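# Descriptive structure summary
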Amino acid sequence: MVINVRPGALRTASIIRGTMAKISRALGIAVVAGLSAAVLAGCGGEIAPPHLRPLSKDAMMLLGKKDMRTDTQIFVRIFKEESELEIWKARDDGRFYHFKTYPICTWSGELGPKVRTGDKQAPEGFYTITKNQMNPKSSFHLSFNLGYPNAFDRAQGRTGDFLMVHGKCTSAGCYAMTDGLVEEIYALAREQFEAGHDSFEVHAFPFRMTDENMVRHRGSPHYGFWRTLKEGYDHFEIARQPPKIAVCERRYIVNADFRDPRAGRIDPAARCPTYQVARPEPFVPRANDKVAFMPHVVAPGLKRRDVMMSAMPGAGQRMGLGIPPELFELTAEPPQSPVAPANR
């Protein structure tokens, strides 16, 4: 079925959404955005394209239940082994609270970072997403670019580009969601950008970095790298705030306070300026705040990695088995022209 959307309807939708966002910020309540959805639905029966669709009624109700607003910043955590993507949202105390966990439909490769073009590994590390990394015209429904290679990756000599979180449930080095889920994730990011935030952070981990899981994976050649990622994981678990991340001496420095005022121009490959690691301020739930104790909401959906592993008895460790990445590409990607990666 082909749905034609008149250009006038798109302009109307954009104006309405912008107006509702201003009202929402003024009133400080998430429910107002639901009015935006209702008005858009009544615009002559037009259906907005995916990147302009408002958050669903269920998503808006969950925001309201958790005392969250659409205009506050998001924080994203990805866990490969569990095939899960989490979204956390800031509240008025400056701490981040869990909004929802989404199943990752598929990702290719094994546990471990992406190293070179063509290895079909999905990145691991600390990444910053700006508005220009959002792609409403993706060949994979909707997407945002993780920003690989970042300063750390480049300092390590790693290569590759156009590594995304996207839809279509097929991956060759990306994190692929189902289309419905990536629409909600995209909309949450879009709303924070429209509210004036410059960026949001994505922390991509090989697994939930508990002490038990670290012991289980201590024989991995990536263990040293993962110990650094665990520093970022532990900081957020304690403080419910993403840590500051810097790169020098070709390594991540988590939550460093640099004493040199020129430290803002750090060379990722050069010696680190003098710094101290700031201890995270522990998160203490406010009295009578029920949101901090609410159970985590998990969206239903397919995890194709789990399906594949359940069909391979005796394969050994649940992930990172040395299984060829092609086995996890259950849907073939369309042929790419030289300029096509920009639309991933």
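Our structure is the block above this text.
Residues numbered from 1 in each chain as written. Predicted model: local features only at pLDDT ≥ 70, side-chain atom pairs only at ≥ 80, totals over all residues. Heavy atoms only, no water.

The next thing to look at is the state of the cysteines. Under the definition given, this model contains two disulfides. Paired through a disulfide, Cys 105 and Cys 169 show a sulfur-sulfur distance of 1.7 Å. Here Cys 105 and Cys 169 share a disulfide; its torsion about the S-S bond, -45 degrees, makes the bridge left-handed. Taken together, the residues Cys 105 in the loop between strand 3 (96–103) and strand 4 (106–107) and Cys 169 in the loop between strand 8 (164–166) and strand 9 (175–176) connect sequence positions 64 residues apart. Neither Cys 105 nor Cys 169 differs from the other in exposure class; each is buried. Each sulfur of the disulfide joining Cys 248 and Cys 272 lies 2.0 Å from the other. Judged by the sign of its S-S torsion, about 95 degrees, the bond between Cys 248 and Cys 272 is right-handed. With Cys 248 in strand 11 (residues 245–248) and Cys 272 in the loop between strand 13 (256–258) and strand 14 (275–277), this residue pair connects regions lying 24 residues apart in the sequence. Note on accessibility: Cys 248 and Cys 272 belong to one class, buried. Sequence-ordered numbering of the bonded cysteines in the protein chain gives a pairing of 1-2, 3-4. (Disulfide = S-S within 2.5 Å. Helix = DSSP H or I, 4+ residues; strand = E, 2+ residues; numbered from the N terminus. Buried < 20%, exposed > 50% of the residue type's maximum accessible area, 1.4 Å probe, protein only.)

For the bond from Tyr 148 to Pro 149, the omega torsion is 0 degrees, close enough to zero to count as cis. As for its placement among the helices and strands, Pro 149 is situated in the loop between strand 7 (143–145) and helix 4 (151–155). In this structure, Asp 67 takes a positive phi of about 55 degrees despite not being glycine. Here Asp 67 lies in the loop between helix 3 (57–65) and strand 1 (74–79). Although it is not a glycine, Ser 83 adopts a positive phi angle of roughly 50 degrees. Tracing the backbone shows Ser 83 in the loop between strand 1 and strand 2 (84–90).

One finds Ile 78, Leu 85, Ile 87, Tyr 102, Phe 144, Tyr 175 and Phe 200 to be the most contacted residues of the largest nonpolar core, which totals 54 residues. Of all the elements, helix 5 (residues 179–194) adds the most residues to this core, at eight residues. Here Phe 144 is in contact with Ile 129, Gln 133, Met 134, Leu 163, Met 164, Val 165, Ile 185, Phe 200 and Val 202, once residues within four sequence places are set aside. (Core = buried A, V, L, I, M, F, W, Y, C linked by side-chain atoms within 4.5 Å. Contact = heavy atoms within 4.5 Å.)

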